[in-house]
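Each chain, letter by letter, is given below.
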Amino acid sequence: MMPADHSRRAIIKGIGVAAAAGALGATPAQATVAIPTEGEIWSNEYWAKKGEIPLWMFRKRIGAPKPGEPARPVVFFVHGSSVTSQVFDLTVPGKGEYSLLNVFARYGFDCWTMDHENYGRSGRTSGNADIASGVEDLKAAVEVIAHETGLARYHFVGESSGALRAGAFAMAAPERIGRLVFAAFTYKGEGSPTLAKRAEQLAYYRSHNMRKRDRDMIRSIATRDKPGTSDPAVVEVLADVEMQFGDQIPTGTYLDMTANLPVVHPEKVLAPVLLVRGEYDGIASVPDLEEFFNKLPNGDRQFIILPGTAHSVVLATNRELFWHVTRAFLTMPTPIVT
C-alpha cells in the first residue's frame with residue numbers, strides 16, 4: 001500500500017459534514033464519467049467518526065485532486081467478515097496485480113474503502129460489528145467522501161458480507177447510491193453448505209462478540225469451496241497482512257448470516273444491481289440469488305456467474321473476469337428509453 005499524505009487527513013464529525021452534504025444536492029454518480037487514466041497512483045488516508053468511534057478510510061486515484069477539476073466517479077469497496085480493507089489493496093510480488101484499488105483507479109475511478117468497526121485500523125469497541133453496525137459505518141464514511149469530492153452518490157462494490165453491508169446501506173440511504181455490485185452475496189442462505197456448516201457454531205456467535213481468525217482460517221477462504229481457484233502464495237500474503245491486526249475478528253456478520261437472513265430485501269434496493277457469483281461459491285447458491293434477482297425492482301440489473309472461481313472473486317486466479325464485468329456495469333451508458 002502506498003504511503004498516505006498525512007497532511008490531508010480528515011476527521012469528519014457529524015453535524016458539520018451533514019450540513020455540507022446537504023448543500024451538495026442530488027449530484028448523481030452517473031454525472032461523472034470514468035475515463036482510463038495514466039500516471040502515478042496517489043493515495044491518502046482519512047478518518048470518519050461514528051459517534052466517538054474512529055473509522056479508518058483509504059483512497060486511491062490517479063494523481064492528487066486539484067481544485068476545479070471535474071469529479072471522477074467514486075467507487076467504494078466494502079470488505080467482508082474475516083478480512084479488512086487490505087484485501088482490496090494487496091501487493092503480491094511476481095504474481096501480477098491484485099489491488100482492486102489500483103485497477104479501478106487506472107480505469108478512471110476515485111476509489112475508496114474503509115475498515116469497519118473492530119476491524120483493521122478502526123476503533124475497537126465491545127460490539128460485534130454486525131450488518132446494522134456496518135450500515136452506520138458507511139453512513140459516516142459517505143460524509144467524508146461528500147466533503148472531499150463534492151459528489152453525493154457513489155458506486156458500491158461489496159464482497160460476501162461486504163455485499164450485505166452495501167445492500168443494507170442502499171436500503172437505508174438510497175439517495176447515496178449510484179450502482180451496486182454484490183459479489184459472493186447471499187439472500188436467504190438457502191442451499192449454502194458453507195452457512196449450514198457455520199450454523200453449527202450459532203450458540204457461540206450469540207454469546208461471543210469475537211471469534212478466532214488465524215492464518216489457517218484465512219487460508220480456508222480460498223480453499224474451502226474449490227482448491228486451485230486461487231494462488232496459495234497470494235493467500236499467504238493476505239494472511240501476512242491480516243495477522244498484523246491480531247487473530248480475533250467480530251462475530252456479528254456470521255451471526256446475521258446464520259440466524260438473521262435475509263438482511264437485504266430486494267424490493268427495497270432501488271438502484272441498478274450486478275450480482276456476481278463464483279462458479280463454485282459455497283455461500284451464494286444459484287437458486288437463492290435467482291430469487292433475489294427476480295425481485296429487484298430496477299430493470300437495470302445483471303446476474304453473472306464467473307467460471308473457475310469460488311467464494312472470493314477478488315482473490316481468484318481468474319480475478320480479471322471480475323474486473324471486466326464490474327467495470328462494464330459501472331460504466332453502463334444511461335438508458336435513453338426506460
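Cut-offs and rules
- Residues numbered from 1 in each chain as written.
- Predicted model: local features only at pLDDT ≥ 70, side-chain atom pairs only at ≥ 80, totals over all residues.
- Heavy atoms only, no water.
- 1 Å grid on protein atoms, 1.4 Å probe; cavity = no way out; pocket = protein on both sides within 12 Å on 5 of 7 lines; lining within 4 Å.
- Points joined across faces, edges and corners; volume = space filled by probe spheres on them.
- Nonpolar A, V, L, I, M, F, W, Y, C, P; charged D, E, K, R; others polar.
- Helix = DSSP H or I, 4+ residues; strand = E, 2+ residues; numbered from the N terminus.
- Contact = heavy atoms within 4.5 Å.
- Buried < 20%, exposed > 50% of the residue type's maximum accessible area, 1.4 Å probe, protein only.
- Lys, Arg positive; Asp, Glu negative; His and termini not counted.
- Salt bridge = Lys/Arg side-chain N within 4 Å of Asp/Glu carboxyl O.
- Polar contact = N/O pair within 3.5 Å; in protein donor to acceptor, adjacent residues only side chain to side chain.
- Expected span 1.5 Å × (residues − 1).
- Arc of directions from axis to C-beta.
- Axes fitted to C-alpha atoms, helices over the stretch in contact; angles between N-to-C directions.
- Parallel < 35°, antiparallel > 145°, perpendicular 65-115°, else oblique.
- Left-handed = near helix turned anticlockwise from the far one by under 90°.
- Core = buried A, V, L, I, M, F, W, Y, C linked by side-chain atoms within 4.5 Å.

Caption draft 1: Seen up close, empty space enclosed by the protein. Under the defined criterion, the tally for this structure stands at 2 cavities of 30 Å³ or more. Roughly 190 Å³ of volume is contained in the largest cavity. Partitioned by chemical class, the residues of the lining of the largest cavity number 8 nonpolar, 7 polar and 3 charged. Of the pockets and cavities examined, the second largest cavity occupies roughly 40 Å³. The residue makeup of the lining of the second largest cavity, split by class, is 3 nonpolar, 5 polar and 2 charged.

Caption draft 2: Focus on the side chain of Ser285. Note that Ser285 resides in the loop between β12 (273-278) and α10 (286-295). Residues contacting Ser285, with those up to four places away along its chain left out, are Glu190, Gly191 and Arg277.

Caption draft 3: Local environment of the side chain of Arg165. Tracing the chain through its elements places Arg165 in helix α4 (residues 161-172). The side chain of Arg165 sits in the buried core without any salt bridge; Asp137 is the nearest counter-charge, 5.6 Å away. Polar contacts involving the side chain of Arg165 include one to the main-chain carbonyl oxygen of His79, which spans 2.6 Å. Among residues more than four places away in sequence, those in contact with Arg165 are Val78, His79, Gly80, His116, Tyr119, Ala129, Ile131, Gly134, Val135, Leu138 and Thr253.

Caption draft 4: Just the pattern of salt bridges, in detail. Considering all chains together, one arrives at 18 salt bridges under this definition. Residue Arg59 is joined to Asp110 by a salt bridge in which the shortest nitrogen-to-oxygen separation is 2.7 Å. Of the two residues, Arg59 sits in strand β3 (residues 53-62) while Asp110 sits in strand β7 (residues 110-114), which places them 51 residues apart along the sequence. Here the two residues Arg59 and Asp110 agree in accessibility, since each one is buried. With a shortest N-O distance of 2.6 Å, Arg219 and Asp216 are connected by a salt bridge. Of this pair, Arg219 and Asp216 both sit in helix α7 (residues 215-223), separated by 3 residues, roughly a single helical turn. Within this structure, Arg215, Asp216, Arg219, Glu236 and Asp240 form a network of salt bridges that share partners.

Caption draft 5: Molecular detail of helix α8 (residues 232-243). For α8, with 12 residues, the first-to-last C-alpha span of 16 Å sits near the 16 Å given by 1.5 Å per residue. When we look at burial in α8, the residues that qualify are Val234, Val235, Leu238, Ala239, Val241 and Glu242. Buried residues of α8 fall within an arc of 165° about the axis and therefore sit on the same side. With a side-chain oxygen positioned 2.9 Å from the backbone nitrogen of Ala233, the residue opening α8 is Asp231.

Caption draft 6: Up close: the packing of helix α3 (residues 131-149) against α4. Their axes nearest at 9 Å, the elements α3 and α4 cross at an angle of 65°. Here α3 is positioned roughly perpendicular relative to α4, judged by the angle of their axes. Viewed along their axes, α3 and α4 form a crossing whose handedness is right-handed. Here Ile131, Gly134, Val135, Leu138, Lys139 and Val142 of α3 come into contact with α4, specifically with Ser161, Leu164, Arg165, Ala166, Ala168, Phe169 and Ala172.

Caption draft 7: Quick look at the nonpolar core. Residues Met57, Phe76, Phe156, Leu180, Phe182 and Phe185 are the most contacted members of the largest nonpolar core, which totals 50 residues. For this core, the leading source of residues is α3, giving 9 residues. Setting aside residues no more than four positions away along its own chain, Met57 makes contact with Asn44, Glu45, Tyr46, Ala48, Phe76, Trp112, Thr113, Met114, Ala141, Val144 and Ile145. Ranked by size, the runner-up nonpolar core spans 47 residues in total, among them Val103, Val241, Leu255 and Leu315.

Caption draft 8: Structural view of unusual backbone geometry. Backbone torsion omega between Leu261 and Pro262 reads 0°, so that peptide bond is classified as cis. Position of Pro262 among the secondary structure elements: in the loop between α9 (252-259) and β12. Its identity is not glycine, yet Asn118 carries a phi of approximately 75°, on the positive side. Within the secondary structure, Asn118 sits in the loop between β7 and α3. Of note in the backbone geometry, Ala184 takes a positive phi value of approximately 55° without being a glycine.

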